[in-house]
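Topology and contacts: notes
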Amino acid sequence: SVDKNILEFDPSQIEWNFHKTPYQFLTNTFSLVDKTKSRIKIVDYLTNMLRTIIYHDPENVLPTVWLLSNSLAPPYEGIELGIGSQVLMKAITSVTACNSKTLKSYYNQHGDWGDVAYMAKVSIRTLMEPKPLTIDFVYNTLRSISRLKGSGVVNQKTELVKKLLISCNGEEIRYLTRTLIQNLRIGALRTTCLIALARAFCLTRPRGMIASDERDFPLNVDVKRDSMETIKSKLRSSENLLKECYAQFPNYNGIVKCLLENPIDTLLDICHLTVGVPLRPMLGKITQDLAQVFKKSEGKLLNCEYKYDGQRAQIHMDQDGSVTIFSRHLENMTGKFPDIVQIIPRICSDNVTSFIMDGEVVAINSDGQLQNFQKLSNRTKKNVELSKISVPVCVFAFDLMYFNGQSLLKSSLRQRRDLLHDNFVKIDGRFDFVTQIESSDPEEVHAFFKNSTEFGCEGIMVKVLDDIQSSSENRQRTTLLASYEPDKRLESWLKVKKDYINGIGDSLDVVPIGAWHGNGRKARWWSPVLLAVYNPDAGTFEGVCKCMSGFSDQFYTEMKLNYSKENGNILETKKSYFDVDDAIRPDVWFEPQEVWEVKGADITISPIYRAAVGKVDYNKGLSLRFPRFVRVREDKSVVDITTSEQLAEMFFNQANERKMEKNTIIKD
Ligand code: ATP
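Quick summary incoming for the structure in this document. (Residues numbered from 1 in each chain as written. Predicted model: local features only at pLDDT ≥ 70, side-chain atom pairs only at ≥ 80, totals over all residues. Heavy atoms only, no water.)

**A closer look at the overall build of the chain**
The condition that has to hold: Helix numbers and strand numbers start at the N terminus; a helix is a DSSP run of H or I with at least 4 residues, a strand a run of E with at least 2. Between buried and exposed lies partly exposed: a residue is buried under 20% and exposed over 50% of the maximum accessible area for its type, with that area taken using a 1.4 Å probe on protein chains only. Contacts between residues were defined by any pair of non-hydrogen atoms, one from each residue, lying within 4.5 Å.
Along its length, the chain carries 22 helices and 23 strands. In terms of principal-axis extent, the alpha carbons of the chain reach across some 80 × 75 × 60 Å. Looking at the 668 residues of the chain, the share that counts as buried comes to 53%. Pairs at least 24 apart in sequence give 73% of the contacts found in the chain among residues at least 6 apart.

Encoded structure:
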């Protein structure tokens, strides 16, 4: 929805007496965003803030966008602040009148370092007004902190943090502190930021741009001339373009530079799939039942592949032969897999000059048998020496997104797969293609599915080979795309896991957000634990169930140590971004920090749990019945968990499945 607030806003009317944008301008926007749950308002606030900076201070758009995205650089650059509560406490105690005991008590009350620092600092009056912070000063200081290494690093970091804290005023301290511990908590997520950025650049160009440039650089939207319909459609297509661009080239350094210098519609000509820059991977959609898959594919051949239980790896090779390997979350894992880097020249046939490949890295034993994911997680995370590798791995390649200088994203899976098979060579136990069949025969695919689970895989992936025109129940034509769609979870990649037969289709990835003191045998531990799914639109964690099974005693003990006051993981009050009914009152609330995989018997409509509220029933949410803990998902962050949208979809799948079962029984 486009709000008139952004169309009526004119940054040139703002009185602007600043050489550089004050940091307060950003933190005031954060504060506004924090106070609303309306996504329209959040987009408005961010768009208008960005429009102002684009117009008055274009050089600072980039640091603003980095601070807004709660990071300093793209994930694959591995730039980390590395500031923990210790550095923070030291710095806060030395710039305020509070000692560490007082800070800890504030922390126990608020559970948020931003709030603690705000309380500690706001009461202090400094004799001399400090020089106001600017956005670029804050960003550059944070970059300097991230570069510090070696002995004495804690003291050096503390000094720089102190310098920033001293200059903070009002709300600045809250958000600066949250930025320092990399948890901004403003509920404005990647998609929202991208929408705001696209809108801002459609409507504004830098003030200093000279008239001749303006002719070459027409604004995408002309608020005075375009009709509301035109404005909406132009904004929508620019937002989609920016999302598409970010999915292929997730680096604001390139994107913002390009937007400042070129009309937005040329964005993909400049920032697109590039060797060395990881694209956001395409993801699989859950399906409950193979019959559904065949119904949708209308008898066309599908590519069915084993779904291996390992770690996703995006392998890039540049023209100079250099190899980089990225994780599903775009971190650079090259140092973790020198054994993969080593085999790359051997897997390339003579005519390969560059590529980007998608595959799953799976741990194997000395007999070449597949090992489970846990085994793989025993590998050291960084800079493994080839000679010290104790967990051998095999890469199972399943896609090729770039080949010899050409993007293959728009090619069909059939074309991509054929190029993969024709140009790369297997190496026993080190590199292979995923086991696959091409089929449209349900019997055959059922048998393939069974084989995959017997082989130690999680199930199968069923993928569209060539575009399929499909007509849905209400006779609307839809296309199942065979292209590689970065960052999307589409029906053209369906995952069928072994649990679907008797369970709810898939496990859920959830975050523990609270717990009760255990009783009886469990008196020393937390039990049950309150779990939540994630609502990316609202930026909230929505309570979904209480879980008290599947845990070992050892797990309970470790959990009690981890979720403790000493570790700073206990909140005494519910956070504003926890959507949990007042009827559910755990003894303690947890800082969202860990992802758990859970399975359940089924998903039911619930009058008290708020997960996916409004998506299935207007007032009621969804809950998972008989939840059972499976494992901790170390490969996921708290915003990568099951979303309320996915949960609702699982609910509808389950309902369809039951209807089908019922029909079969009646027919029989
Ligand atoms: P899950 O929780 O099921 O592992 P996920 O949320 O991690 O799923 P999904 O996109 O839902 O990720 O499932 C696809 C994942 O399965 C991929 O990210 C990849 O790591 C893995 N995988 C294994 N084999 C294949 C294959 N043949 N094709 C695509 N992905 C595969």
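Having seen it, we continue.
**Notes on the site of the ligand**
Note the cut-off: In this text, near means that some heavy atom of the residue lies within 4 Å of the molecule or strand in question. Within 3.5 Å is the distance limit for a polar contact, defined as a pair of N or O atoms, with the added protein rule that one can donate a hydrogen and the other accept it, and that residues adjacent in sequence qualify only through two side-chain atoms. For every accessible area listed, the method is Shrake-Rupley and the probe measures 1.4 Å; residues are considered covered only by the protein chains on display. We call Asp, Glu, Lys and Arg charged. Ala, Val, Leu, Ile, Met, Phe, Trp, Tyr, Cys and Pro are nonpolar, and the rest, Gly among them, are polar.
Taken together, 20 residues sit near the ligand, with Arg328, Glu360, Lys495, Lys497 and Lys636 positioned nearest. Between the ligand and the protein, one listed contact pairs an oxygen atom with a side-chain N or O atom of Arg328 at 2.5 Å. Separating an oxygen atom of the ligand from a side-chain N or O atom of Lys636 is a distance of 2.8 Å. When the free accessible area of the ligand is taken as 600 Å², the share hidden by the protein chains comes to 95%. The set of elements that each furnish at least two residues to the shell around the ligand consists of strand S1 (283–286), strand S2 (302–307), strand S10 (459–464) and strand S13 (489–497). The greatest single-element share of the shell around the ligand, amounting to four residues, is contributed by S13. When its residues are assigned to classes, the shell around the ligand shows seven nonpolar, one polar and 12 charged.

**Structural notes on empty space enclosed by the protein**
The condition is simple: Using a grid of 1 Å spacing that covers the protein atoms alone, one calls a set of points a cavity when a 1.4 Å probe fits there but cannot get out, and a pocket when the set is open and has protein on both sides within 12 Å along at least five of seven lines; lining residues are those with an atom within 4 Å of a point. Grid points are joined across faces, edges and corners, and a volume is the space filled by probe spheres set on the points.
Tallied over the entire structure, the rule returns three cavities of 30 Å³ or more. In this model, the largest cavity occupies a volume close to 60 Å³. Lining the largest cavity we find Val293, Lys296, Ser297, Leu302, Val462, Lys463, Val464, Leu480, Glu491, Ser492 and Leu494. Those elements giving two or more residues to the lining of the largest cavity turn out to be helix H16 (290–297), S10 and S13.

**Topic: the packing of aromatic side chains**
Pairs of aromatic rings are described using the distance from one ring centre to the other and the angle between the two planes. The line we're drawing: In this analysis, rings of Phe, Tyr and Trp, with Trp reduced to its six-membered ring, are considered paired at centre separations within 6.5 Å, and the interplanar angle assigns stacked below 30 degrees, edge-to-face beyond 60, and tilted for intermediate values. Throughout this description, the term charge over a ring refers to an Arg CZ or Lys NZ atom that lies within 6 Å of the ring centre and within 35 degrees of the ring normal.
Counted according to the given criterion, the structure contains 32 aromatic pairs. Seen from their ring centres, Tyr534 and Phe541 are 4.9 Å apart, and the 40° between their planes marks the pair as tilted. On the basis of relative accessibility, which here comes to 5%, the residue Phe541 falls in the buried class. Taking 5.4 Å as the distance between ring centres and 80° as the angle between the ring planes, the aromatic pair formed by Tyr577 and Phe578 counts as edge-to-face. When sorted by exposure, Tyr577 lands in the same class as Phe578, which is buried. Put simply, the rings of Trp525, Phe551, Phe555, Tyr556, Trp596 and Phe629 pair up and form one aromatic cluster. The ring centre of Tyr118 lies 4.0 Å from the NZ or CZ of Arg174, which sits over that ring. When the ring centre of Trp516 is taken as reference, the NZ or CZ atom of Lys546 above it lies at 4.6 Å.

**With respect to helix H21 (residues 553–562)**
Which entries qualify depends on this criterion: This arc corresponds to the set of directions leading from the helix axis out to the C-beta atoms.
Of the residues making up H21, those classed as buried are Phe555, Tyr556 and Met559. The buried residues of H21 all sit within an arc of 100° when viewed along its axis, so they share a single face. Turned more than 90 degrees off the buried face of H21, the exposed positions are Gln554 and Leu561. Looking at the packing, one finds that the buried side of H21 touches strand S15 (526–535), strand S19 (588–590), strand S20 (596–599) and strand S23 (628–632).

**Focus: the pattern of salt bridges**
Applied cut-off: Each reported salt bridge corresponds to a side-chain nitrogen of Lys or Arg within 4 Å of a carboxyl oxygen of Asp or Glu.
In the structure shown here, the tally under the stated rule is 34 salt bridges. As a salt-bridge pair, Lys497 and Glu458 come within 3.7 Å of each other at their nearest N and O atoms. One end of the pair, Lys497, is in strand S13; the other, Glu458, is in the loop between helix H20 (442–454) and S10, with 39 residues separating them in the sequence. Look at Lys497 and you get buried, because its relative accessible area is 7%. Take Glu458: its relative accessible area is 15%, and that puts it in the buried class. The partner of Arg633 in a salt bridge is Asp635, with the nearest N and O atoms 2.8 Å apart.

**Brief notes about the nonpolar core**
The cut-off we apply is this: The definition of a nonpolar core used throughout is a set of buried Ala, Val, Leu, Ile, Met, Phe, Trp, Tyr and Cys residues joined through side-chain atoms within 4.5 Å.
Grouped together as the largest cluster of nonpolar side chains are 78 residues, with contacts concentrated most on Tyr23, Leu142, Val161 and Ile255. With nine residues, helix H11 (residues 190–203) is the largest single contributor of residues to this core. Not counting residues within four places of it along the chain, the set of residues in contact with Leu142 comprises Leu67, Leu72, Leu81, Leu164, Thr179 and Leu180. Listed in part, the 35 residues of the second largest apolar core include Tyr308, Leu409, Tyr484 and Leu494.

**Looking at helix H5 (residues 85–95)**
Of all the residues in H5, the buried ones are Val87, Leu88, Met89, Ala91, Ile92 and Val95. Looking at the buried positions of H5, the neighbouring elements they touch are helix H6 (100–110), helix H7 (113–122), helix H9 (153–167) and helix H10 (171–180).

**Let's talk about the side chain of Glu542**
Within the element layout of this structure, Glu542 appears in strand S16 (residues 540–547). Polar side-chain contacts of Glu542 include one of 2.8 Å to the backbone nitrogen of Ala612.

**Describing the sheet that holds S2**
Put simply, the test is: Strands are labelled as partners when DSSP assigns at least two bridges between them. All axes here are fitted lines through C-alpha atoms, helices being fitted over the stretch that makes contact, and every angle between N-to-C directions spans 0 to 180 degrees.
On the basis of which strands lie adjacent, the open sheet formed by five strands has the order S1-S13-S10-S2-S9 and mixed pairing. With partners counted over all chains shown, the strands left at the sheet margins are S1 and strand S9 (436–439), one partner each. Neighbouring strand axes in the sheet, compared pairwise and without regard to direction, differ in orientation by 35° on average. Relative to S9, S2 runs antiparallel, the two being bridged by four bridges. By the bridge assignment, Leu302 is partnered in S9 with Ser439. In this fold helix H19 (residues 413–423) packs onto S2, S9 and S10, with an angle of close to 145° to the strand it touches most, S9. Sheet strands touched by H20: S2, S9, S10 and S13. Its angle to S10, the strand with the most contacts, is close to 135°.

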